[in-house]
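Okay, here's what each chain looks like letter by letter:
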Amino acid sequence: GEDVEQSLFLSVREGDSSVINCTYTDSSSTYLYWYKQEPGAGLQLLTYIFSNMDMKQDQRLTVLLNKKDKHLSLRIADTQTGDSAIYFCAESIPGGSYIPTFGRGTSLIVHP
Amino acid sequence: KAGVTQTPRYLIKTRGQQVTLSCSPISGHRSVSWYQQTPGQGLQFLFEYFSETQRNKGNFPGRFSGRQFSNSRSEMNVSTLELGDSALYLCASSPENTGELFFGEGSRLTVL
(Lines give C-alpha, C1' and ligand atoms only; values in the text may rest on other atoms or scores of the structure.)
Protein backbone atom coordinates (compact mmCIF):
# COMPACT_ATOMS: atom_id res chain seq x y z
CA GLY A 1 0.00 0.00 0.00
CA GLU A 2 0.93 3.61 -0.32
CA ASP A 3 2.52 5.48 2.55
CA VAL A 4 4.11 8.91 2.50
CA GLU A 5 6.38 10.12 5.28
CA GLN A 6 7.62 13.61 6.07
CA SER A 7 9.37 15.28 8.97
CA LEU A 8 7.00 17.56 10.87
CA PHE A 9 8.99 20.76 11.27
CA LEU A 10 11.70 22.78 9.56
CA SER A 11 13.05 26.14 10.70
CA VAL A 12 15.23 28.30 8.44
CA ARG A 13 16.52 31.81 8.31
CA GLU A 14 15.22 34.26 5.72
CA GLY A 15 17.39 34.19 2.60
CA ASP A 16 18.64 30.64 3.20
CA SER A 17 17.56 27.62 1.18
CA SER A 18 14.96 25.25 2.61
CA VAL A 19 14.92 21.56 1.83
CA ILE A 20 11.81 19.58 2.69
CA ASN A 21 12.09 15.82 2.41
CA CYS A 22 9.58 13.06 1.78
CA THR A 23 9.73 9.30 1.37
CA TYR A 24 7.12 7.15 -0.32
CA THR A 25 6.64 3.42 -0.54
CA ASP A 26 4.90 2.58 -3.80
CA SER A 27 7.40 1.42 -6.39
CA SER A 28 5.16 1.56 -9.45
CA SER A 29 5.09 4.50 -11.81
CA THR A 30 3.68 7.38 -9.92
CA TYR A 31 3.07 11.09 -9.83
CA LEU A 32 4.52 12.94 -6.85
CA TYR A 33 3.17 16.29 -5.77
CA TRP A 34 4.06 19.17 -3.47
CA TYR A 35 1.22 21.17 -2.00
CA LYS A 36 1.40 24.28 0.20
CA GLN A 37 -1.10 25.24 2.89
CA GLU A 38 -1.02 28.72 4.35
CA PRO A 39 -2.78 29.44 7.67
CA GLY A 40 -6.54 29.37 7.36
CA ALA A 41 -6.49 28.25 3.76
CA GLY A 42 -6.83 25.12 1.67
CA LEU A 43 -3.98 23.38 -0.08
CA GLN A 44 -2.41 24.82 -3.19
CA LEU A 45 -0.58 22.69 -5.74
CA LEU A 46 2.99 23.95 -6.10
CA THR A 47 4.53 21.48 -8.49
CA TYR A 48 4.61 17.82 -9.44
CA ILE A 49 6.96 15.32 -11.00
CA PHE A 50 6.49 12.00 -12.71
CA SER A 51 8.60 9.13 -11.50
CA ASN A 52 10.55 8.87 -14.77
CA MET A 53 12.09 12.30 -14.07
CA ASP A 54 14.99 13.08 -11.75
CA MET A 55 14.53 16.79 -11.33
CA LYS A 56 12.17 19.62 -12.06
CA GLN A 57 12.84 23.30 -11.56
CA ASP A 58 10.31 26.09 -11.42
CA GLN A 59 11.66 29.51 -10.43
CA ARG A 60 12.73 29.23 -6.76
CA LEU A 61 11.47 25.65 -6.46
CA THR A 62 13.53 22.58 -7.30
CA VAL A 63 12.15 19.08 -6.96
CA LEU A 64 14.61 16.19 -6.77
CA LEU A 65 13.55 12.57 -7.05
CA ASN A 66 15.68 9.59 -6.04
CA LYS A 67 13.59 6.71 -7.33
CA LYS A 68 15.95 4.05 -6.03
CA ASP A 69 15.54 5.30 -2.45
CA LYS A 70 11.93 6.47 -3.02
CA HIS A 71 12.98 9.88 -1.74
CA LEU A 72 11.54 13.20 -2.89
CA SER A 73 12.72 16.63 -1.87
CA LEU A 74 11.55 20.20 -2.39
CA ARG A 75 14.18 22.90 -2.31
CA ILE A 76 13.10 26.52 -1.92
CA ALA A 77 15.85 28.96 -2.80
CA ASP A 78 16.10 32.34 -1.06
CA THR A 79 13.37 31.45 1.43
CA GLN A 80 11.12 34.34 2.39
CA THR A 81 8.80 34.85 5.37
CA GLY A 82 5.89 34.42 2.95
CA ASP A 83 7.05 30.86 2.39
CA SER A 84 6.10 29.99 5.97
CA ALA A 85 3.40 27.34 5.59
CA ILE A 86 2.76 23.63 5.79
CA TYR A 87 4.12 21.68 2.83
CA PHE A 88 2.53 18.38 1.89
CA CYS A 89 4.06 15.67 -0.21
CA ALA A 90 1.55 13.43 -2.06
CA GLU A 91 1.64 10.44 -4.34
CA SER A 92 -0.88 9.13 -6.85
CA ILE A 93 -0.84 6.16 -9.17
CA PRO A 94 -1.95 6.82 -12.76
CA GLY A 95 -4.31 4.22 -14.06
CA GLY A 96 -5.57 3.58 -10.56
CA SER A 97 -7.93 5.76 -8.60
CA TYR A 98 -5.66 8.83 -9.00
CA ILE A 99 -6.58 9.77 -5.43
CA PRO A 100 -3.39 11.22 -3.90
CA THR A 101 -2.09 9.88 -0.63
CA PHE A 102 -0.78 12.76 1.47
CA GLY A 103 2.01 12.91 4.00
CA ARG A 104 1.40 14.54 7.38
CA GLY A 105 2.90 17.80 6.19
CA THR A 106 6.07 19.72 7.13
CA SER A 107 5.64 23.05 8.90
CA LEU A 108 8.20 25.46 7.49
CA ILE A 109 9.00 28.37 9.79
CA VAL A 110 11.03 31.20 8.30
CA HIS A 111 12.53 33.66 10.77
CA PRO A 112 14.36 36.90 10.10
CA LYS B 1 -12.05 31.18 -13.58
CA ALA B 2 -13.55 30.99 -10.10
CA GLY B 3 -11.89 28.64 -7.64
CA VAL B 4 -13.43 25.96 -5.46
CA THR B 5 -16.01 27.46 -3.13
CA GLN B 6 -16.99 25.89 0.16
CA THR B 7 -19.82 26.93 2.44
CA PRO B 8 -20.15 27.55 5.26
CA ARG B 9 -16.61 28.54 6.25
CA TYR B 10 -17.22 28.10 9.97
CA LEU B 11 -19.88 26.37 11.97
CA ILE B 12 -20.49 25.18 15.49
CA LYS B 13 -22.68 22.20 16.30
CA THR B 14 -23.41 20.11 19.35
CA ARG B 15 -23.02 16.37 19.79
CA GLY B 16 -25.76 14.36 18.17
CA GLN B 17 -26.65 16.97 15.57
CA GLN B 18 -26.04 16.59 11.88
CA VAL B 19 -24.31 18.91 9.44
CA THR B 20 -24.26 19.46 5.67
CA LEU B 21 -21.32 21.08 3.92
CA SER B 22 -21.39 22.33 0.36
CA CYS B 23 -18.74 22.53 -2.34
CA SER B 24 -18.83 24.16 -5.78
CA PRO B 25 -15.98 22.90 -7.96
CA ILE B 26 -14.08 24.77 -10.64
CA SER B 27 -16.13 24.99 -13.81
CA GLY B 28 -15.46 21.96 -16.00
CA HIS B 29 -14.09 19.79 -13.20
CA ARG B 30 -16.16 16.65 -12.82
CA SER B 31 -14.30 15.07 -9.91
CA VAL B 32 -14.89 16.29 -6.36
CA SER B 33 -13.04 14.87 -3.36
CA TRP B 34 -13.51 15.51 0.34
CA TYR B 35 -10.84 15.41 3.02
CA GLN B 36 -10.87 15.75 6.79
CA GLN B 37 -7.92 17.58 8.31
CA THR B 38 -7.12 17.39 12.03
CA PRO B 39 -3.91 18.10 13.94
CA GLY B 40 -3.75 14.51 15.16
CA GLN B 41 -4.55 12.58 11.98
CA GLY B 42 -3.42 14.95 9.27
CA LEU B 43 -5.26 14.88 5.94
CA GLN B 44 -7.64 11.94 5.66
CA PHE B 45 -9.49 11.07 2.45
CA LEU B 46 -13.26 10.78 2.87
CA PHE B 47 -14.65 10.12 -0.60
CA GLU B 48 -14.56 11.14 -4.24
CA TYR B 49 -17.44 11.74 -6.60
CA PHE B 50 -17.36 11.74 -10.36
CA SER B 51 -20.38 12.29 -12.59
CA GLU B 52 -22.76 11.99 -9.64
CA THR B 53 -21.31 8.61 -8.57
CA GLN B 54 -19.15 7.85 -5.58
CA ARG B 55 -16.03 6.48 -7.23
CA ASN B 56 -13.70 6.11 -4.23
CA LYS B 57 -14.23 5.94 -0.51
CA GLY B 58 -11.91 6.32 2.45
CA ASN B 59 -12.07 4.58 5.79
CA PHE B 60 -14.75 6.55 7.59
CA PRO B 61 -17.93 5.31 9.29
CA GLY B 62 -21.30 5.41 7.57
CA ARG B 63 -22.19 8.62 9.46
CA PHE B 64 -20.17 10.38 6.78
CA SER B 65 -21.93 10.54 3.44
CA GLY B 66 -21.94 12.66 0.35
CA ARG B 67 -23.48 13.24 -2.99
CA GLN B 68 -22.83 15.05 -6.23
CA PHE B 69 -25.33 16.85 -8.38
CA SER B 70 -25.57 17.03 -12.16
CA ASN B 71 -23.79 20.40 -12.15
CA SER B 72 -20.86 18.75 -10.28
CA ARG B 73 -21.61 20.60 -7.05
CA SER B 74 -21.18 18.32 -4.07
CA GLU B 75 -22.41 18.09 -0.51
CA MET B 76 -21.21 16.02 2.39
CA ASN B 77 -23.23 15.16 5.45
CA VAL B 78 -22.17 14.03 8.89
CA SER B 79 -24.90 12.65 11.12
CA THR B 80 -24.89 12.08 14.87
CA LEU B 81 -21.92 14.37 15.38
CA GLU B 82 -19.19 13.40 17.84
CA LEU B 83 -16.59 15.61 19.47
CA GLY B 84 -13.93 13.94 17.34
CA ASP B 85 -15.60 15.17 14.18
CA SER B 86 -14.27 18.66 14.91
CA ALA B 87 -12.00 19.34 11.97
CA LEU B 88 -11.35 21.33 8.83
CA TYR B 89 -13.25 19.71 5.97
CA LEU B 90 -11.62 20.35 2.64
CA CYS B 91 -13.17 19.90 -0.76
CA ALA B 92 -11.06 19.59 -3.89
CA SER B 93 -11.96 19.39 -7.54
CA SER B 94 -9.86 18.07 -10.36
CA PRO B 95 -9.94 17.51 -14.09
CA GLU B 96 -10.67 13.95 -15.11
CA ASN B 97 -8.17 11.24 -14.15
CA THR B 98 -5.46 13.29 -12.50
CA GLY B 99 -4.14 13.66 -9.00
CA GLU B 100 -3.86 17.43 -9.40
CA LEU B 101 -6.31 18.76 -6.87
CA PHE B 102 -7.64 22.28 -6.53
CA PHE B 103 -8.73 22.88 -2.96
CA GLY B 104 -11.28 25.17 -1.43
CA GLU B 105 -10.53 27.06 1.76
CA GLY B 106 -12.41 24.54 3.84
CA SER B 107 -15.28 24.43 6.29
CA ARG B 108 -14.15 24.47 9.90
CA LEU B 109 -16.53 22.44 12.04
CA THR B 110 -16.48 22.63 15.82
CA VAL B 111 -18.54 20.10 17.75
CA LEU B 112 -19.32 21.00 21.37
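Structure: see above.
Residues numbered from 1 in each chain as written. Chains lettered and ligands numbered in written order. Predicted model: local features only at pLDDT ≥ 70, side-chain atom pairs only at ≥ 80, totals over all residues. Heavy atoms only, no water.

Re the overall build of chain B
Part 1: Each helix and strand counted, chain B has zero helices and eleven strands in total.
Part 2: Going from N to C terminus, chain B has its helices and strands arranged as β-β-β-β-β-β-β-β-β-β-β.
Part 3: For chain B, whose C-alpha radius of gyration is 13 Å, the value lies close to the compact-globule estimate of 13 Å for 112 residues.
Part 4: Reported as C-alpha extents along the three principal axes, the dimensions of chain B are approximately 40 × 25 × 25 Å. (Helix = DSSP H or I, 4+ residues; strand = E, 2+ residues; numbered from the N terminus. Rg over C-alpha atoms; globule rule 2.2 N^0.38 Å.)

A short note on the overall build of chain A
Part 1: In terms of regular secondary structure, chain A is built from zero helices and eleven strands.
Part 2: Shown N-terminal to C-terminal, the secondary structure of chain A runs as helices and strands in the order β-β-β-β-β-β-β-β-β-β-β.
Part 3: Taking 112 residues into account, the globule formula puts the C-alpha radius of gyration at 13 Å, and chain A, at 14 Å, falls close to it.
Part 4: Here chain A, with 112 residues, has 45% of them falling under the buried criterion.
Part 5: For chain A, long-range pairs separated by at least 24 residues make up 55% of all intrachain contacts whose partners lie at least 6 apart in sequence.
Part 6: Accessible surface computed for chain A: about 5400 Å², of which carbon and sulfur atoms make up 48%. (Buried < 20%, exposed > 50% of the residue type's maximum accessible area, 1.4 Å probe, protein only. Contact = heavy atoms within 4.5 Å. Areas by Shrake-Rupley, 256 points an atom, 1.4 Å probe, with all protein chains shown as cover.)

Quick look at the interface of chain B and chain A
Part 1: With 22 residues of chain B at the interface, the matching set in chain A holds 17 residues.
Part 2: Of the roughly 1500 Å² buried between chain B and chain A, counting both surfaces, carbon and sulfur atoms make up 56%.
Part 3: Here chain B is connected to chain A by zero salt bridges.
Part 4: At the surface where chain B touches chain A, the tally comes to five residue pairs in polar contact (both at pLDDT 80 or more). (Buried area = accessible area lost by both parts, 1.4 Å probe. Salt bridge = Lys/Arg side-chain N within 4 Å of Asp/Glu carboxyl O. Polar contact = N/O pair within 3.5 Å; in protein donor to acceptor, adjacent residues only side chain to side chain.)

Re the sheet that holds strand S7 (residues 64–68) of chain B
All names here are of chain B.
Part 1: Ordered by their spatial adjacency, four strands build an open sheet running S1-S3-S8-S7, and the pairing between neighbours is antiparallel. The strands lining the two open edges of the sheet, one partner per strand, are strand S1 (5–7) and S7. Going from strand to strand, the sheet's axes swing by 15° on average, the running direction of each strand aside.
Part 2: By the bridge criterion, five bridges tie strand S3 (residues 19–24) to strand S8 (residues 74–78) in an arrangement that is antiparallel. Opposite cysteine 23, over in S8, you have serine 74 as the bridge partner. (Pairing = 2+ DSSP bridges. Axes fitted to C-alpha atoms, helices over the stretch in contact; angles between N-to-C directions.)

Here's the deal with the nonpolar core
Generally speaking, soluble globular proteins have nonpolar side chains that are buried together.
Part 1: Within the largest apolar cluster, 21 residues are counted, with the highest numbers of intra-cluster contacts made by B:Trp34, B:Leu46, B:Phe64, B:Met76 and B:Tyr89.
Part 2: Within the residue set of this core, elements represented by two or more residues are S3, strand S4 (31–38), strand S5 (42–50), S8, strand S9 (87–94) and strand S11 (107–111) of chain B.
Part 3: Apart from the residues within four sequence positions on either side, B:Met76 is in contact with B:Val19, B:Thr20, B:Leu21, B:Trp34, B:Leu46, B:Phe47, B:Phe64, B:Ser65, B:Gly66 and B:Tyr89.
Part 4: A:Ile49, A:Val63, A:Leu74 and A:Ile76 belong to the second-largest nonpolar core, a separate cluster that totals 19 residues. (Core = buried A, V, L, I, M, F, W, Y, C linked by side-chain atoms within 4.5 Å.)

A look at a nonpolar patch on the surface
Residue and element names in this part refer to chain A.
Part 1: A cluster of nonpolar residues, Leu8, Phe9 and Ile109, forms a patch on the protein surface that exposes about 330 Å² of accessible area.
Part 2: Within the secondary structure, isoleucine 109 sits in strand S11 (residues 106–111).
Part 3: What makes isoleucine 109 partly exposed here is its relative accessible area of 45%. (Patch = residues over 30% accessible without salt bridge, like charges linked within 9 Å, V, L, I, M, F, W, Y side chains within 5 Å.)

Digging into the environment of A:Leu61
All names here are of chain A.
Part 1: Its place among the elements puts leucine 61 in strand S7 (residues 61–66).
Part 2: Remark: the alpha-carbon pair of leucine 61 and serine 28, spanning 33 residues in sequence, is separated by 25 Å.
Part 3: Apart from residues lying up to four places away in sequence, leucine 61 is in contact with Leu46, Lys56, Leu74, Arg75 and Ile76.

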